[in-house]
Amino acid sequence: MPFSQFVLKVHSRCDLACDHCYVYEHADTSWRGRPRAITGVALDRVAERIAEHAIGHRLPAVHVVLHGGEPLLAGPQLLRRAAERLRAALPAGCALDLRIHTNGVRLDRAFCELFDELDIKVGISLDGDAAANDRHRRFADGRSSHAKVLAAVELLRRPEFRHLYAGLLCTIDVENDPIAVYEALRVLEPPRIDFLLPHATWDEPPKRPAGLGENPYAQWLLAIHQHWERQGRPIPVRTFDSVHRTLRGRSSLTEALGLDPADLVVIETDGTFEQADSLKTAYDGAPVTGFDVFANSLDEVARHPGMMARQSGLAGLSATCRSCPVVRSCGGGLYAHRWRTGAGFDNPSVFCGDLMRLITTIRDRIAPALPAAAAGPGPAAPGPGLRPDQLGQLARGHGDADTVAALAAGQLDLTRRLLAAVGPAVGEPWQALAELDASAPGAVDAVLAHPYVRSWAVGRLRAAAGDPSAEPDTLAEIAAAALIRAGLEAELPVPVRGGVIQLPTLGRVLVGGSGQAVVRGGADRFTVRTAAGVTRVVGFDQPADQHWLPVRRLGFVGGWSVALEDTDPQRDCHRWPAEARLTEAALGDWTGALREAWELLLRDLPQYAAGIAVGLTTLTPLRPGPAAQGVGTAARQAFGAVAIARPRTAPALARLLVREFQAVKLGAVLDFHDLYDRTDRRGYRAPWQADPRPLAELFQQTYAELAVTEFWAGRALAYQGVGGEAAEHAREQLGRRRGDTERALDTLLGSGSLTALGERFATGLRESLSPCLVMPLGTPPAVADRSARAGVAAPAEQPAPVERPDAAERSDAAERPAPADHSAPAGR
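Please read all numbers here as calculations on a predicted model, not as lab measurements. (Residues numbered from 1 in each chain as written. Predicted model: local features only at pLDDT ≥ 70, side-chain atom pairs only at ≥ 80, totals over all residues. Heavy atoms only, no water.)

Caption draft 1: Geometry of the overall build of the protein. When helices and strands are counted, the protein shows 27 helices and 23 strands. Expressed as a percentage of its 828 residues, the buried residues of the protein come to 58%. Pairs at least 24 residues apart make up 71% of the contacts formed inside the protein by residues separated by at least 6 positions. Of the accessible surface of the protein, which amounts to about 31300 Å², a share of 54% is contributed by carbon and sulfur atoms. (Helix = DSSP H or I, 4+ residues; strand = E, 2+ residues; numbered from the N terminus. Buried < 20%, exposed > 50% of the residue type's maximum accessible area, 1.4 Å probe, protein only. Contact = heavy atoms within 4.5 Å. Areas by Shrake-Rupley, 256 points an atom, 1.4 Å probe, with all protein chains shown as cover.)

Caption draft 2: Main features of the packing of helix H7 (residues 216-230) against helix H13 (residues 352-366). Interaxial distance between H7 and H13 falls to 8 Å at its minimum, and their mutual angle equals 25°. Our classification of the angle between H7 and H13 gives roughly parallel. H13 is crossed by H7, and the crossing has right-handed handedness. In contact with Pro216, Tyr217, Ala218, Gln219, Leu221, Leu222, His225, Gln226 and Glu229 of H7, H13 contributes Asp354, Arg357, Leu358, Thr361, Ile362, Arg365 and Ile366. Taken together, the residues that form the contact of H7 with H13 break down as eight nonpolar, four polar and four charged. (Axes fitted to C-alpha atoms, helices over the stretch in contact; angles between N-to-C directions. Parallel < 35°, antiparallel > 145°, perpendicular 65-115°, else oblique. Left-handed = near helix turned anticlockwise from the far one by under 90°. Nonpolar A, V, L, I, M, F, W, Y, C, P; charged D, E, K, R; others polar.)

Caption draft 3: The arrangement of the side chain of Thr289 in detail. Within the secondary structure, Thr289 sits in strand E9 (residues 288-292). Aside from chain neighbours lying at most four places away, what touches Thr289 is Phe273, Glu274, Gln275 and His304.

Caption draft 4: The arrangement of the sheet that holds strand E15 (residues 535-539) in detail. Taken together, four strands build an open sheet; the order of strands is E10-E13-E14-E15 and the sheet is antiparallel. With one partner strand each, in any of the chains shown, strand E10 (491-496) and E15 form the two edges of the open sheet. Here the strands of the sheet are splayed against their neighbours by 25° on average, with no regard to which way each runs. Across four bridges, the pairing between strand E13 (residues 515-520) and strand E14 (residues 525-530) is antiparallel. The residue of E14 that forms the bridge with Ala517 is Thr530. (Pairing = 2+ DSSP bridges.)

Caption draft 5: The arrangement of the packing of aromatic side chains in detail. Summed over the entire model, instances satisfying the criterion amount to 13 aromatic pairs. Ring centres of Phe711 and Trp712 lie 5.2 Å apart, and the angle between their planes is 80°; this geometry places the pair in the edge-to-face category. One aromatic cluster is present, formed by Tyr283, Tyr335, Trp339 and Phe345 through successive ring pairs. The aromatic ring of Phe139 is capped on one face by Arg143, whose charged end is 4.3 Å from the ring centroid. (Phe/Tyr/Trp six-rings, centres within 6.5 Å; stacked < 30°, edge-to-face > 60°. Lys NZ or Arg CZ within 6 Å of the ring centre and 35° of its normal.)

Caption draft 6: Representation of the sheet that holds strand E4 (residues 121-125). Ordered by their spatial adjacency, nine strands build an open sheet running E6-E5-E4-E3-E2-E1-E7-E8-E9, and the pairing between neighbours is mixed. The open sheet terminates on both sides in strands that have one partner only, identified here as strand E6 (193-196) and E9. The mean inter-strand angle of the sheet, taken between neighbouring strand axes irrespective of direction, is 25°. Two elements, strand E8 (residues 272-274) and E9, share two bridges in a ladder whose sense is antiparallel.

Below you can see the structure in the form of structure tokens.
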């Protein structure tokens, strides 16, 4: 089997002294005799050997990682030569995927500009937050490396360099908190996370601290897996994705799992060919082949016994592994981890128990989500499955992460039921989606959870009394997006409308013309080919260009990740027109505003922020204008999305986020529970409108207005002891809001039309409002009184900066709840 992956060592030394490093701290000592940097002569010969191999085996692409040691120590001139020589030597028709993996401490703007010019993607090693990272990744004098690495990552997150950001690699230490580590990485918005087991053998087994159980590495990863699943798999995690894929008979994404033959070779700074670097942990000289770029071809290297052993699949495993029920997923683990003196590599992995538990637990978790292919994407449960305590949280207007996750699960089930009602009439796309659901249900779920898939399905159900000619091809786009997310090498036909192929949750491919096209999936990219002969190849990490407009996702400290949806045509289901594709400048404005608004919600309204972090997955920017300045809306049939015209200030944006998500939550409850008599046609006086309103609208507005009242209570607390216009405005708003909300609750409870559960909700809302009702307005409340105000979060000890409310913030239009959408719930 030919090689297609090459690790090229450009420098053999490192500027950190990580105590878990297999190069310097384990059994192998060959680094001591290597040249510090690869020479130009050796680089030229490396490029020739790779090109020779590519030509001989007609490779469509080769993947090269510039490595070390620390590769940035090689300097910009040598890195430029490496990139230019490799690219120049390859034959036409063979693409070069060039990357560099670094500890990040030397990454600066000059390097990023160089990598931008040379198209070199950047991966960074980071073990989590400062405490976790500094457990192992320190300078030789003991100094922390964490701040420098974070600065490097922040540089890659800037719009100008975001396309270079390849991902983060984290080595597991079971004494670190798994969720803290994961969240520290996730908020950095990596395109991918890689969790690596620490290198160990049967001679030098991994640490297993007392009190952490028999399989601590499995427990560590499973804690993250559960958290990651609850979040909706916001970021690809190579280990989890590989387990999911191999359990369904597909290829692994990592050499550490699965039975796929290894196609990787290492080239050291002296030009010698070596086996996988991880073998350095086994014994001194373990990776040696005896070959080099000056005297030997890569075909000769491929015939080395060690290389052939790593390409022999099931036959190359120990008898214990061959008889194991999860062998096709585990693959015996990483080759190096099987080493034992006297038995060589003819052993299970030293992590065998951990791998068994990890794989079987994930298998059991995802098995219930595997419906029969012939039936199509079917429902998993009849409703949201809320526990009594979770329903109680929602009745008080709040809802923690688990509660909102349960709502989301119920909504996904409802979307599946809607598709089952409209899909069979569409034909081929429905069958394709059904087959994908059998082999890759996680990918299907990720697309079906998109708010505007539900919106389309409801519209399709209503359109022309079920006319099968109404928008059938949208289902083809849904299936194609799921195919791409699954990484399957298969093809599906999709429509081209107005020169665009729309892929829900992913973005738009611009191809021109109209008619039909074919989408082909792949492990790390997908291809679009139109009937007119236009071909587009899009990498999963590829930034926007003139042919590809991806959905852009933002991540924030505290666990919130949200997509700024400005590509999906179905997003125009709100009462104001959606904004067109955001410019980079507008994207930056939104990012900054959302970060400030989110930090404010975390501080002042944690009882709402926890649910938003899980359930608010999509934000659709609305077109700015006099009528839409500072307004927000939530479509009844688009769970997880809100639409907002960005206001001028972060507090106004925070207010809109929490208010509109209240409508999202209540709508999800109403899909499965009656809170009031739906036949009541009377109009009720609402404090926010001059004319009587339907009971449904009053209930929704009251539910939303509680959150706004608690928001102003938090602002009033933040301004305690502070004078000025903004402080007075906060207290004025609190006084008006709490009075309006109290009167609305009186009207609801006195209507005689609430169900028993509806009365429980109204009573719960009153309980949450009570602390706001007793807050004094004339004199700022004392610090000592904060702890007595249940349900109103105290801010940080330092007073918040005083912002001057502008005209939009002070106007009634910016503060009043939006009219409700009375449309009947789709599930009833």
